[in-house]
Amino acid sequence: MVEFGRRLAENRAPEYPPDAYMDYDRLKEIIEVMKGKKLARIDSTTREVSLSAPPPTNAVGRQLTSDGSEEDFYSCIDAQLVTVEAFTLQKVTELRANIASLEKEVANLGSIDHDDDDDDDDDDDDEEVAERVREKADDAAKDFLILEKYVNINFMGFHKILKKHDKNSPSRACK
C-alpha cells in the first residue's frame, strides 16, 4: 500500500495552500519519537505512591509524560484539527455565498419580462446570461467537489494517524 503521507501530498488541491492540510509527517515524526521512549510511570525503585495526590496532568486532564512527546502529539493534533476546521469553515462560507448569489441570478433570469416585440437581440442576451449562470453553477459544483475531497483526505489522515498512535502506544490509546 502507498504510504499515506505521499498520498496526501499527491492529492492536494492546487487551489488550496499546503498549510491548510494536516501535517501528517510532523505527527508521524512525533509518534516515531514516542515509539522509542517509555511513558512516565510510577518509579518502581522508590515506590512512592500517593493516594491523595493524583499524577500530574495537563490542561485537558491527560497524564503528563516524562519526555513530553505524548503531550507534543496531543498538542500538535489539536492544532492540526483547528487549522483544518477553520479552513473548511472559511471555504463553506464562501461556497454558501456563491450559491446564494447564484440562486438570486437564477430567480432574476426566470423573472425577465419580454415586451410584445420579439427581438432576436433579447433572446441572444437571455441565452448569454443563462450560459454565464450555468458556468457559475458548474464552478460552484467544482468548488464543492474540491472541498469534499479536501475534507475526506484530511479525515482519512486523522483516522490513520490516530490508528498509528494507538498501535505504537497501546497504553495511551485515543479510542
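The text that follows walks through the structure, step by step, so that each part is easy to find.

Rules behind the numbers
- Residues numbered from 1 in each chain as written.
- Predicted model: local features only at pLDDT ≥ 70, side-chain atom pairs only at ≥ 80, totals over all residues.
- Heavy atoms only, no water.
- Salt bridge = Lys/Arg side-chain N within 4 Å of Asp/Glu carboxyl O.
- Helix = DSSP H or I, 4+ residues; strand = E, 2+ residues; numbered from the N terminus.
- Buried < 20%, exposed > 50% of the residue type's maximum accessible area, 1.4 Å probe, protein only.
- Phe/Tyr/Trp six-rings, centres within 6.5 Å; stacked < 30°, edge-to-face > 60°.
- Expected span 1.5 Å × (residues − 1).
- Arc of directions from axis to C-beta.

1. Quick look at the pattern of salt bridges
- Applying the stated criterion across every chain, the model contains six salt bridges.
- Across the pair K28 and E3 runs a salt bridge, and its minimum N-O distance is 3.3 Å. Here K28 is found in helix α2 (residues 24–35), whereas its partner E3 is found in the segment before α1 (4–10), with 25 residues between them in sequence.
- Residue classification places E3 among the partly exposed positions, given a relative accessible area of 40%.
- Residues E15 and K142 are paired through a salt bridge, measuring 4.0 Å at the closest nitrogen-oxygen approach. Of this pair, E15 sits in the loop between α1 and α2 while K142 sits in helix α4 (residues 120–168), and the two are 127 residues apart along the sequence.
- By relative accessible area, which is 44% here, E15 ends up partly exposed.
- Take K142: its relative accessible area is 45%, and that puts it in the partly exposed class.

2. So, the packing of aromatic side chains
- A full pass over the atoms with the stated rule returns six aromatic pairs.
- On the numbers, 5.0 Å between centres and 65 degrees between planes, the contact of F4 with Y24 is edge-to-face. Residue F4 is located in helix α1, and its partner Y24 is located in helix α2; the two are separated by 20 residues in the primary sequence. With respect to class, F4 is no different from Y24; both count as buried.

3. What about α2?
- For α2, spanning 12 residues, the distance from its first C-alpha to its last is 16 Å, which sits close to the expected 16 Å at 1.5 Å a residue.
- Looking at α2, one finds that the buried residues are Y24, L27, K28, I30, I31 and M34. For α2, the angular spread of buried residues about the axis comes to 160 degrees, placing them on one side.

4. A closer look at the environment of V106
- Turning to its location among the elements, V106 is positioned in helix α3 (residues 69–110).
- Between the alpha carbons of V106 and V129 there is a distance of 9.6 Å; along the sequence they are 23 residues apart.

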